[in-house]
Amino acid sequence: MKIIRKSDLVEGRWRNGMGVSWDIASDPPGVDDFGWRFAIARIDADVPFSNYPDTDRIFTLIEGNGLDLAFEGHRSLAVHRRFVPHPYPCDVPTFCHLREGPCRALNLFTRRGRWRAAPDILSSGAEISHTGPILLFALQGAADVNGHAMGEGDAAIAADTITADTEGFLYVARLFAL
């Protein structure tokens, strides 16, 4: 298991240059043609989201009062509660309208046809078995995963079986290679 501390995340720019992000992990690391990518985005204003061809996103509000996502040619998505994963395709032009000030979101991108993700939000202890990658993020409060302490904002990559415990909220996503 690899722990990724909040303090070790490096600030970067969105693909379209319109916002700030912090990459947590990707496979393969550091390339534009990733199979999956795990990242945090800060949204400071109403702005178009970056387009990722053949990619799906699971968008989870982690800070702020919410936003609305307008998808070209499709119904809008109201994101008004924290810690609720919202899946949608990244290759549909998307515009973000903030409700009341800046927000931060946890994003899990998966390349369509290569990977699929199944996210859960834990608010207590659990044992999870999975042969592929398991991505974790301490959304609120501390967590213990396989005896490793995670502070709020820390992430981890694990595989096989994990035992997780939290008194707050812990994001857990199992990744499936297709």
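All of these numbers come straight from a predicted model, not from anything done at the bench. (Residues numbered from 1 in each chain as written. Predicted model: local features only at pLDDT ≥ 70, side-chain atom pairs only at ≥ 80, totals over all residues. Heavy atoms only, no water.)

**Q** Could you give me a rundown of the overall build of the protein, with the residues and numbers involved?
**A** The number of helices and strands found in the protein is zero helices and 17 strands. If you line up the protein on its principal axes, its C-alpha atoms span 45 × 35 × 30 Å. Within the span of the protein, comprising 178 residues, buried residues form 46% of the whole. A separation of at least 24 residues holds for 68% of the contacts in the protein among residues at least 6 apart in sequence. Computing the positive centroid from 18 side-chain charges and the negative centroid from 23, the protein places the two 3 Å apart. (Helix = DSSP H or I, 4+ residues; strand = E, 2+ residues; numbered from the N terminus. Buried < 20%, exposed > 50% of the residue type's maximum accessible area, 1.4 Å probe, protein only. Contact = heavy atoms within 4.5 Å. Lys, Arg positive; Asp, Glu negative; His and termini not counted. Charge placed at Lys NZ, Arg CZ, Asp CG, Glu CD.)

**Q** A description of the sheet that holds strand 10 (residues 94–98) should follow, citing residues and the corresponding values.
**A** Strand order across the open sheet formed by four strands is 5-10-7-8, with antiparallel pairing between neighbours. Taken across any chain shown, the strands that pair with only one partner, and hence form the sheet edges, are strand 5 (47–48) and strand 8 (77–79). Inspection of the sheet shows strand 7 (residues 67–71) paired to strand 8 by three bridges, in the antiparallel sense. Following the sheet pairing, L67 is matched in strand 8 by V79. (Pairing = 2+ DSSP bridges.)

**Q** I'd like to hear about the packing of aromatic side chains, residue by residue, with values.
**A** Following the criterion strictly, the structure yields nine aromatic pairs and no others. Arranged with centres 5.9 Å apart and planes meeting at 35°, the rings of F49 and F59 form a pair that is tilted. Of this pair, F49 sits in the loop between strand 5 and strand 6 (55–63) while F59 is found in strand 6, placing the two residues 10 residues apart along the sequence. By the burial criterion, F49 is buried, and F59 matches it. Residues F83 and F169 carry aromatic rings whose centres are separated by 5.2 Å and whose planes lie at 40° to one another, so their mutual orientation is tilted. (Phe/Tyr/Trp six-rings, centres within 6.5 Å; stacked < 30°, edge-to-face > 60°.)

**Q** Any details on the pattern of salt bridges? Residues and values, ideally.
**A** As enumerated under the stated definition, the model contains 10 salt bridges in all. A salt bridge links R114 to D33, with the shortest nitrogen-to-oxygen separation between them at 3.2 Å. A residue pair is termed long-range when its members are at least 10 positions apart, and R114 in the loop between strand 11 (103–111) and strand 12 (115–122) and D33 in the loop between strand 3 (20–27) and strand 4 (36–43) qualify at 81 residues. Of the residues examined, R114 reaches a relative accessible area of 33% and is grouped as partly exposed. For the salt bridge of R99 with D68, the shortest nitrogen-to-oxygen distance reads 2.9 Å. Here the residue R99 occupies a position in the loop between strand 10 and strand 11, and D68 occupies one in strand 7, the gap between them amounting to 31 residues. What makes R99 partly exposed here is its relative accessible area of 38%. Note on D68: relative accessible area 26%, which makes it partly exposed. Through salt bridges with shared partners, one network takes in D33, R111 and R114. (Salt bridge = Lys/Arg side-chain N within 4 Å of Asp/Glu carboxyl O.)

**Q** Lay out the sheet that holds strand 3 with the relevant residues and their values.
**A** Strand order in the open sheet formed by six strands is 2-3-4-11-6-9, and the pairing between neighbours is antiparallel. In this open sheet, the two edge strands, each paired with only one partner strand, are strand 2 (11–13) and strand 9 (85–89). The average undirected angle you get between the axes of adjacent strands in this sheet is 35°. Note: strand 6 against strand 11, eight bridges, orientation antiparallel. The partner of R57 across the bridge, within strand 11, is F109. (Axes fitted to C-alpha atoms, helices over the stretch in contact; angles between N-to-C directions.)

**Q** Outline the layout of surface pockets, listing residues and values.
**A** Reported here for the largest pocket is a volume of approximately 370 Å³. Every residue lining the largest pocket is counted, 17 residues in all, and those nearest its centre are D23, A25, S26, G30 and R37. The set of elements that each furnish at least two residues to the lining of the largest pocket consists of strand 1 (2–4) and strand 3. Here the residues of the lining of the largest pocket sort into nine nonpolar, two polar and six charged. (1 Å grid on protein atoms, 1.4 Å probe; cavity = no way out; pocket = protein on both sides within 12 Å on 5 of 7 lines; lining within 4 Å. Points joined across faces, edges and corners; volume = space filled by probe spheres on them. Nonpolar A, V, L, I, M, F, W, Y, C, P; charged D, E, K, R; others polar.)

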